[in-house]
Amino acid sequence: MPFKNIEQPETIEIEQGLRLKKFDGDFEKMIEGYRDPVVYQNSEGIFDEDRIPDDAYIRGMCEYLERAGEFYFIQVFENGGYISVGDVTVRPENPPIAIWQAKYRGVGIGSKVMKAVIRRLSALGYRKITGTSIFKWNAASQKMHENLGFRRVGETEDEYIYELEWD
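(A) A look at the environment of isoleucine 52. Within the secondary structure layout, isoleucine 52 lies in the loop between α2 (37-44) and α3 (55-68). Measuring from C-alpha to C-alpha, the distance between isoleucine 52 and tyrosine 126 comes to 35 Å, with 74 residues separating the pair along the chain. Apart from the residues lying within four places of it in its own chain, the contact partners of isoleucine 52 are Arg35, Tyr40 and Ile46.

(B) Inspection of the packing of aromatic side chains at higher detail. For the coordinates displayed, the defined rule picks out seven aromatic pairs. Measuring from centroid to centroid gives 6.0 Å for phenylalanine 73 and tryptophan 100, while their planes differ by 85°, and the two rings are edge-to-face. Here phenylalanine 73, found in strand β3 (residues 70-78), pairs with tryptophan 100, found in the loop between β5 (97-99) and α4 (109-123); they are 27 residues apart in sequence, far enough to count as distant. Take phenylalanine 73 and tryptophan 100: they sit in the same class, and that class is buried. On the numbers, 5.2 Å between centres and 75° between planes, the contact of phenylalanine 77 with tyrosine 82 is edge-to-face. Judged by its relative accessible area of 47%, phenylalanine 77 is partly exposed. A connected cluster of aromatic rings, assembled from ring pairs, spans Phe23, Phe71, Phe73 and Trp100. Geometry around tyrosine 160 places arginine 152 over its ring, the cationic atom sitting 3.6 Å from the centre.

(C) Region of the structure containing unusual backbone geometry. Positive phi is not limited to glycine here, since asparagine 79 has a value of about 55°. Mapped onto the elements of the fold, asparagine 79 is located in the loop between β3 and β4 (81-90). Residue asparagine 79 is classed as exposed on the basis of its relative accessible area of 79%. Unusually for a residue other than glycine, asparagine 94 sits at a positive phi of about 50°. Among the secondary structure elements, asparagine 94 is positioned in the loop between β4 and β5.

(D) Region of interest: the pairing of strand β1 (residues 11-15). As defined by bridge partners, β1 adjoins strand β2 (residues 18-22) across four bridges and the pair is classed as antiparallel. For isoleucine 12, the partnering residue across the bridge sits in β2 and is leucine 20. Hairpin connection of β1 to β2: two residues between the antiparallel strands, including glycine 17 at a positive phi of 85°.

(E) Just α3, in detail. Here α3 is 14 residues long and its end C-alpha atoms lie 20 Å apart, about the 20 Å a rise of 1.5 Å per residue gives. When α3 is considered as a whole, its buried residues turn out to be Ile58, Met61, Cys62 and Leu65. Each buried residue of α3 sits inside an arc of 100° when the element is viewed along its axis, so together they form one side. Looking at the buried residues of α3, the elements they touch are α1 (28-34), α2, β3 and β4.

(F) Structural view of the pattern of salt bridges. All chains considered together, the criterion is met by twelve salt bridges. Between aspartate 36 and arginine 105 there is a salt bridge; the shortest N-O distance is 2.8 Å. Residue aspartate 36 is found in the loop between α1 and α2, and its partner arginine 105 is found in the loop between β5 and α4; the two are separated by 69 residues along the sequence. Assessed through its relative accessible area of 19%, aspartate 36 is described here as buried. Taking the relative accessible area as the measure of exposure, arginine 105 reaches 23% and is therefore partly exposed. Two residues, lysine 103 and glutamate 78, come together in a salt bridge whose shortest N-O distance is 3.1 Å. Of the two residues, lysine 103 is situated in the loop between β5 and α4 and glutamate 78 in strand β3; the sequence distance between them amounts to 25 residues. Residues joined in a network through salt bridges with shared partners are Glu10, Lys21 and Lys22.

Parameters at a glance
Residues numbered from 1 in each chain as written. Predicted model: local features only at pLDDT ≥ 70, side-chain atom pairs only at ≥ 80, totals over all residues. Heavy atoms only, no water. Helix = DSSP H or I, 4+ residues; strand = E, 2+ residues; numbered from the N terminus. Contact = heavy atoms within 4.5 Å. Phe/Tyr/Trp six-rings, centres within 6.5 Å; stacked < 30°, edge-to-face > 60°. Buried < 20%, exposed > 50% of the residue type's maximum accessible area, 1.4 Å probe, protein only. Lys NZ or Arg CZ within 6 Å of the ring centre and 35° of its normal. Pairing = 2+ DSSP bridges. Expected span 1.5 Å × (residues − 1). Arc of directions from axis to C-beta. Salt bridge = Lys/Arg side-chain N within 4 Å of Asp/Glu carboxyl O.

Set out below in structure tokens:
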């Protein structure tokens, strides 16, 4: 239970055909996606092909994210059923989003998911997201966060740091 004494919802409906589904332990759904160079470069900062996420890396990542917040698959309705196309963790510090399937990138899903994260955090009593780190080469994620009102508040050698406050 990532938030003390609060039950994680099984699903969070974002809009018709787009939802968050509670992670069910099936990390194998994520393996192909995290072996896509766009995903492992932009979410994990990995450029060395010898370090491409393997099963153990992805399993460990999932275990960490389940402890760190409310961990969900991002699902879209396609061909009569929901399919997982990415993942997100609802937490007030650096909530990560990854869209594994290329055809679902750049079409607004990330923005809709982040808005759902903000709504869920608001319902839990939070009014701020801090420490959101985005690699400097990930211009699409920077643009998405800035369009949602995130402010750049710092940087490291490889990342920009963002935060968002709301009423």
